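A look at the structure
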Amino acid sequence: MNRLPTEKRAQILQMLCEGSSMRSISRVSDVSLNTVTKLLVDAGSACAAFHDATVRNVKSQRVQCDEIWSFAYAKAKNVHSAKAAPIGSGDVWTWTAIDADSKLILTWLVGDRDASAANAFIADLKPRLANRVQLTTDGHKAYLHAVSQEFGPDGVDYGMLVKLYGSDPQAQKRYSPAKLIGIEKDLILGSPDMAHVSTSYVERQNLTMRMSMRRFTRLTNAFSKKVENHYHALSLYFVWYNFIKQHKTLRMTPAMAAGLVSSPLEMTDIVTLIDQREGPAKKRGPYKKRLPIPA
């Protein structure tokens, strides 16, 4: 089995995390698109396992949750008329939970924006925390049952930030958001500090995601063609964000600020994780000539 050099694979993974498209990476690095795709899948699988095992027992104080929209293959309204749409096509929501102090992404989930996804998301968040936290979400009602079910009435200080939007008189501005006219802070469970009921950090993280992954760019053809590749790209991104990328205000990685590691990782460490999962390279077998198909 042929493998690209470690430095080449690290370069490709770095470009995937810096907003380059897969085809542009293929051209710049002089490898096939299939090679880039396979490396993304391998890296996504390795990073998902690494994140799940490492981001545990986090001593957090304030946690913010939000969801960000994207789509795979086609938007939900167009899936029924799309040609050969694969399973999972349509709107894709990415749920994220961030530690407001260390900026660490605690957990994430790819799915729909419904109650079952909210339950699974909060169920994965709770065991990663080492202590009681103050939790803030937006006004999505699916959080109400999920948080109360997982944390109980006395296990969390939970506040909800509800944004109020007005109608935009300039209807021709199709892609402009509605005007924000106010916010409401609701006390849901426990005794949260209402001054810290905010989703600013997690919403800024949503912007970083759109800037760092080409498949999140709006109004282009760079969207994910398969939901599986969307998942793998996110797995790679979150490990890069938590363990490799230096945060400007922290002057270190979020994982270092949270006390999970003592030094930043490098992209070559991700390549090492891939090789450890795959094992040693196997010798390519003899070439078998294909017989012509009879007419």
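Preceding block: the structure.
Read on for an overview of the structure. The shown structure was predicted, so the numbers you read here are calculated from the model rather than taken from an experiment.

Attention now goes to the nonpolar core. By size, the foremost hydrophobic cluster in this structure holds 67 residues, and its most contacted members are Leu 13, Leu 16, Val 63, Leu 125, Leu 236 and Ile 270. The dominant element in this core, judged by the number of residues it contributes, is helix H7 (residues 227-244), at 10 residues. Apart from the residues within four sequence positions on either side, Leu 125 is in contact with Val 63, Cys 65, Ala 97, Leu 106, Thr 107 and Leu 135.

As a further point, take helix H6 (residues 200-212). For H6, spanning 13 residues, the distance from its first C-alpha to its last is 18 Å, which sits close to the expected 18 Å at 1.5 Å a residue. Packed against the buried residues of H6 are helix H1 (6-16), strand E1 (62-72), strand E2 (90-99), strand E3 (105-111) and H7.

Right, let's get into the packing of H1 against helix H9 (residues 267-278). Contact geometry for H1 and H9: axes closest at 8 Å, N-to-C directions at 110 degrees. Considering their axes alone, H1 and H9 lie roughly perpendicular with respect to each other. For the element pair H1 and H9, the recorded crossing hand is right-handed. On H9, the residues that touch Thr 6, Arg 9, Ala 10, Leu 13 and Gln 14 of H1 are Met 267, Thr 268, Ile 270, Val 271, Ile 274 and Asp 275. Residues that form the contact of H1 with H9 fall into these classes: 6 nonpolar, 3 polar and 2 charged.

As a further point, take the sheet that holds E3. Read from one edge of the open sheet, 6 strands run E3-E2-E1-E4-E5-E6, paired in mixed fashion. The open sheet terminates on both sides in strands that have one partner only, identified here as E3 and strand E6 (180-189). Put simply, the sheet's adjacent strands are angled 20 degrees from each other on average, direction ignored. Where E2 lies against E3, 6 bridges are found, and the strand directions are antiparallel. Residue pairing across strands places Ala 97 opposite Thr 107, the latter belonging to E3. Sheet strands in contact with helix H5 (residues 142-151) are E1, E2, strand E4 (134-137), strand E5 (157-165) and E6, and its direction is about 175 degrees off that of E5.

This paragraph deals with a nonpolar patch on the surface. A cluster of nonpolar residues, Tyr 165, Leu 180 and Ile 183, forms a patch on the protein surface that exposes about 310 Å² of accessible area. With respect to the helices and strands, Tyr 165 occurs in strand E5. What makes Tyr 165 partly exposed here is its relative accessible area of 49%.

Right, let's talk about the state of the cysteines for a bit. Taken as a whole, this structure holds 0 disulfides when the rule is applied. With no disulfide of its own, Cys 17 lies 7.8 Å from the sulfur of Cys 47, the closest cysteine sulfur. On the accessibility criterion, Cys 17 (1% relative accessible area) is buried.

A word on the environment of Tyr 241. Within the secondary structure, Tyr 241 sits in helix H7. Relative accessible area serves as the criterion here: at 6%, Tyr 241 is assigned to the buried category. With 216 residues separating them along the chain, Tyr 241 and Ile 25 place their C-alpha atoms 20 Å apart. With residues up to four places along the chain from it excluded, the contact list for Tyr 241 reads Ile 98, Lys 103, Ile 105, Gln 205, Thr 208, His 247 and Pro 254. A distance of 3.5 Å separates a polar side-chain atom of Tyr 241 from the backbone oxygen of Lys 103.

Next up on the list: the pairing of E1. The two faces of the sheet receive side chains in turn, since in a regular strand these alternate between them. The element E1 is largely enclosed, with a buried count of 10 among its 11 residues. Inspection of the sheet shows E1 paired to E4 by 3 bridges, in the parallel sense. Counted as the bridge partner of Gln 64 is Thr 136 from E4. As paired strands, E1 and E2 are joined by 10 bridges and run antiparallel to one another. Each bridged residue has a counterpart across the sheet, and for Ser 70 the counterpart in E2 is Val 92.

A few words now on the side chain of Asn 242. Relative to the helices and strands, Asn 242 resides in helix H7. Judged by relative accessible area, Asn 242 falls into the buried class, the value being 0%. Among the polar contacts listed, one links the side chain of Asn 242 to the backbone nitrogen of Ile 105, at a separation of 2.9 Å. Setting aside residues no more than four positions away along its own chain, Asn 242 makes contact with His 51, Lys 103, Leu 104, Ile 105, Thr 253, Pro 254 and Ala 255.

Here the focus is the packing of H6 against H7. Helix-helix packing is described using two parameters, namely the angle between the two axes and the distance between the axes. Look at H6 against H7: their axes get within 12 Å of each other, and the N-to-C directions meet at 115 degrees. Our pair here, H6 against H7, has a crossing hand that is right-handed. Within the contact between the two elements, H6 uses Gln 205, Thr 208, Met 209 and Ser 212 and H7 uses Leu 234, Tyr 237, Phe 238, Trp 240 and Tyr 241. Looking at side-chain class alone, the contact of H6 with H7 contains 6 nonpolar, 3 polar and no charged residues.

Here we take up the packing of aromatic side chains. Summed over all chains, the structure comprises 10 aromatic pairs. Taken together, a centroid distance of 4.7 Å and an interplanar angle of 35 degrees make the contact between Phe 71 and Phe 223 tilted. With Phe 71 in strand E1 and Phe 223 in the loop between H6 and H7, this residue pair connects regions lying 152 residues apart in the sequence. Summarising the burial analysis for this pair, Phe 71 and Phe 223 share the class buried. One aromatic cluster is present, built from ring pairs that chain together Trp 108, Tyr 231, Tyr 237, Phe 238, Trp 240 and Tyr 241. Lys 103 extends its terminal NZ or CZ atom over the ring of Tyr 201, reaching a point 4.4 Å from the ring centre. Here Lys 225 stacks its cationic end above the ring of Phe 223, 4.4 Å away from the centre of that ring.

Definitions and limits used
Residues numbered from 1 in each chain as written. Predicted model: local features only at pLDDT ≥ 70, side-chain atom pairs only at ≥ 80, totals over all residues. Heavy atoms only, no water. Core = buried A, V, L, I, M, F, W, Y, C linked by side-chain atoms within 4.5 Å. Buried < 20%, exposed > 50% of the residue type's maximum accessible area, 1.4 Å probe, protein only. Helix = DSSP H or I, 4+ residues; strand = E, 2+ residues; numbered from the N terminus. Contact = heavy atoms within 4.5 Å. Expected span 1.5 Å × (residues − 1). Axes fitted to C-alpha atoms, helices over the stretch in contact; angles between N-to-C directions. Parallel < 35°, antiparallel > 145°, perpendicular 65-115°, else oblique. Left-handed = near helix turned anticlockwise from the far one by under 90°. Nonpolar A, V, L, I, M, F, W, Y, C, P; charged D, E, K, R; others polar. Pairing = 2+ DSSP bridges. Patch = residues over 30% accessible without salt bridge, like charges linked within 9 Å, V, L, I, M, F, W, Y side chains within 5 Å. Areas by Shrake-Rupley, 256 points an atom, 1.4 Å probe, with all protein chains shown as cover. Salt bridge = Lys/Arg side-chain N within 4 Å of Asp/Glu carboxyl O. Disulfide = S-S within 2.5 Å. Polar contact = N/O pair within 3.5 Å; in protein donor to acceptor, adjacent residues only side chain to side chain. Phe/Tyr/Trp six-rings, centres within 6.5 Å; stacked < 30°, edge-to-face > 60°. Lys NZ or Arg CZ within 6 Å of the ring centre and 35° of its normal.

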